[in-house]
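So you can see what is in the structure, the chains are spelled out below.
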Amino acid sequence: MTNPSTQVGIVGAGPAGLMLSHLLHLRGIESVVLEARTREEVEGTIRAGVLEQNTVDLMTATGLGDRLKVEGLEHHGIELRFGGRGHRIAFDELTDGRAVTVYPQHEVLKDLIAKRIADGGDIRFGVSDVEVHDHTSDQPYITYTDTDGNPQTVTCALVGGCDGSRTKTRKLIPEPAIRQDHFRQYPFAWFGILAEAPPSSEELIYANHPRGFALISTRTPQVQRHYLQVDPDDSVDNWSDDRIWSELHARVDGEGAEIKDGKIFEKSILQFRSFVCEPMQHGNLFLAGDAAHTVPPTGAKGLNLAVADVYVLSKGMAEFFETGNRGPLDAYTETVLPRIWRTQHFSWWMSSMMHRLPDASGFDHKRQVAELDMVTRSVAGRTLIAENYVGTPLG
């Protein structure tokens, strides 16, 4: 059985796939989104989220900003703590009023799904055995098994590979003949908690300490998200609530800061990796988001980079369908890679500046503190952090 043809077949209903479908719809282009998880699983997977000004502006301009305006927490700066003192990076003063907004990724997905359904979008949740075929031809197609166990086929002109870091679509680009993968594994991880507690700070705190890094974040006025640097092989079973709060106090408390304890209701360990594949396209297959690249969470860039990808990709696809011109589409990788590598550098730099390396000596930590001191004393240094954190314009 063959389903009606669509213009773009999209594998994955994460931020990249759903935003691509949404942006294409605004240009009058049809798509089908195939997702292995159920809608409840997609919307219920709790993820942190710090949205760049670009992402907020795009969501607002394309009809996705209603809940964001009400529930999002706009932040105009962050604090870098070292030597027991805080040093504020004032985004609004350094970037002509730009800011970031704390709004969890799963809430972004809820907004995208609701909007696509309201607009008559075709999202097929809970499918399995998704396979892309003939992506180097003019008539690619995608086979899958629906929720009733029946084999199905979607024919399309272009394919969006938006199926996350465990992607199957990336593997369709031959390695090493065409595809090169660039990968770095970091020698530390983040131990994350969600806690019912009042905010410890109005803005995010990034703390460098001899015992290791800590991040003080927020989810809502009642729920806080905090992280501690740990060994990648550590286990949540090794961390009692008392040990967690004691370590957060040790790494963060000091002049102008004091952690507020509460009931911890979620614990997890997040590994640190950097990855980029080149190119991000092959024939009529185009990768976006985590299918093509991942970044450490230090700079809060994952979702934002996926949005930047599909902003460019949707324009190239629209140009192709509207005029037949493949120029922008064929230049997709070349267009997005500079931003991706700049973002990789920023995430790596922030990570290397804030974290304690396992083999670090006293010299290494003193040098790290000197770097932080140099950056925070300098208007140019603070501006570099602010501009990268709030994001450079998409256009």
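What counts, and where the lines are drawn
Residues numbered from 1 in each chain as written. Predicted model: local features only at pLDDT ≥ 70, side-chain atom pairs only at ≥ 80, totals over all residues. Heavy atoms only, no water. Helix = DSSP H or I, 4+ residues; strand = E, 2+ residues; numbered from the N terminus. Expected span 1.5 Å × (residues − 1). Buried < 20%, exposed > 50% of the residue type's maximum accessible area, 1.4 Å probe, protein only. Phe/Tyr/Trp six-rings, centres within 6.5 Å; stacked < 30°, edge-to-face > 60°. Lys NZ or Arg CZ within 6 Å of the ring centre and 35° of its normal. Salt bridge = Lys/Arg side-chain N within 4 Å of Asp/Glu carboxyl O. UniProt positions renumbered as here; feature names shortened; annotations may be inferred. Core = buried A, V, L, I, M, F, W, Y, C linked by side-chain atoms within 4.5 Å. Contact = heavy atoms within 4.5 Å.

Novice: How would you sum up helix H1 (residues 15-26)? Please name residues and give values.
Specialist: Taking 1.5 Å of rise per residue, 12 residues should cover 16 Å, and H1 covers 17 Å from first to last C-alpha, within 8% of that figure. Within H1, 10 of the 12 residues are buried, which leaves it mostly tucked inside the rest of the structure. Listing the buried residues of H1 in full gives Pro15, Ala16, Gly17, Leu18, Met19, Leu20, Ser21, His22, Leu23 and Leu24. Of the residues flanking the end of H1, it is Gly28, one or two places downstream, whose phi is positive at about 80°.

Novice: Summarise the packing of aromatic side chains; cite the residues concerned and give the values.
Specialist: For the coordinates displayed, the defined rule picks out 13 aromatic pairs. Ring centres of Tyr186 and Phe188 lie 5.8 Å apart, and the angle between their planes is 45°; this geometry places the pair in the tilted category. Here the two residues Tyr186 and Phe188 agree in accessibility, since each one is buried. Plain terms: the ring middles of Phe188 and Phe272 are 5.2 Å apart, the flat faces sit at 65° to each other, and that makes the pair edge-to-face. Residue Phe188 is located in strand E13 (residues 180-196), and its partner Phe272 is located in strand E17 (residues 263-278); the two are separated by 84 residues in the primary sequence. When sorted by exposure, Phe188 lands in the same class as Phe272, which is buried. Through a chain of ring-to-ring contacts, the aromatic side chains of Phe91, Tyr186, Phe188, Trp190, Tyr206, Phe213, Tyr227, Phe272 and Tyr389 assemble into a single cluster. The ring of Tyr389 is capped by Lys301, whose NZ or CZ atom sits 5.9 Å from the centre of that ring. Positioned over the ring face of Phe320 is Arg326, at 5.5 Å from the centre of the ring.

Novice: Which residues make up the pattern of salt bridges, and what values go with them?
Specialist: Taken as a whole and assessed by the stated rule, the structure comprises 23 salt bridges. One salt bridge connects Glu35 with Arg37, and the closest N-O pair in it is separated by 2.9 Å. Owing to a relative accessible area of 28%, Arg37 belongs among the partly exposed residues under this scheme. Arg179 is paired through a salt bridge with Asp181; the nearest N and O atoms lie 2.9 Å apart. With relative accessibility at 29%, the residue Asp181 sits in the partly exposed group. A single salt-bridge network, built from bridges that share partners, covers Arg67, Glu71, Glu107, Lys110 and Asp111.

Novice: Summarise unusual backbone geometry; cite the residues concerned and give the values.
Specialist: Residue Pro176 follows Glu175 across a cis peptide bond; omega there is 5°. Cis rather than trans, the peptide bond between Glu278 and Pro279 has omega equal to -5°. Along the polypeptide, Pro279 turns up in the loop between E17 and strand E18 (281-282). The backbone of Asp96 shows a phi angle near 55°, a positive value even though the residue is not glycine. Mapped onto the secondary structure, Asp96 falls in the loop between helix H5 (91-94) and strand E7 (100-102). Asp96 sits in the exposed class, given a relative accessible area of 79%. A positive phi angle, close to 55°, is found at Asp129, a residue other than glycine. Exposure remark for Asp129: the relative accessible area of 52% places this residue in the exposed category.

Novice: I'd like a description of the UniProt feature "domain: FAD-binding" (unreviewed entry) in the protein, backed by residues and values.
Specialist: UniProt records the feature "domain: FAD-binding" (unreviewed entry) at residues 6-346, using the numbering of this structure. Secondary structure content for residues 6-346 is 30% helix and 31% strand, while the C-alpha to C-alpha distance between its ends is 38 Å.

Novice: Describe the nonpolar core, and please don't skip the residues or the numbers.
Specialist: In terms of nonpolar packing, the biggest core is built from 65 residues, with Met19, Leu20, Leu51, Met280, Met317 and Tyr332 touching the most fellow members. With 10 residues, helix H8 (residues 302-323) is the largest single contributor of residues to this core. Excluding its chain neighbours within four sequence positions, the residues that come into contact with Leu51 are Val56, Met59, Leu68, Val100, Thr101, Tyr103, Val108, Leu303 and Asn304. By size, the runner-up hydrophobic cluster in this structure holds 30 residues, among which are Phe82, Tyr227, Met350 and Met354.

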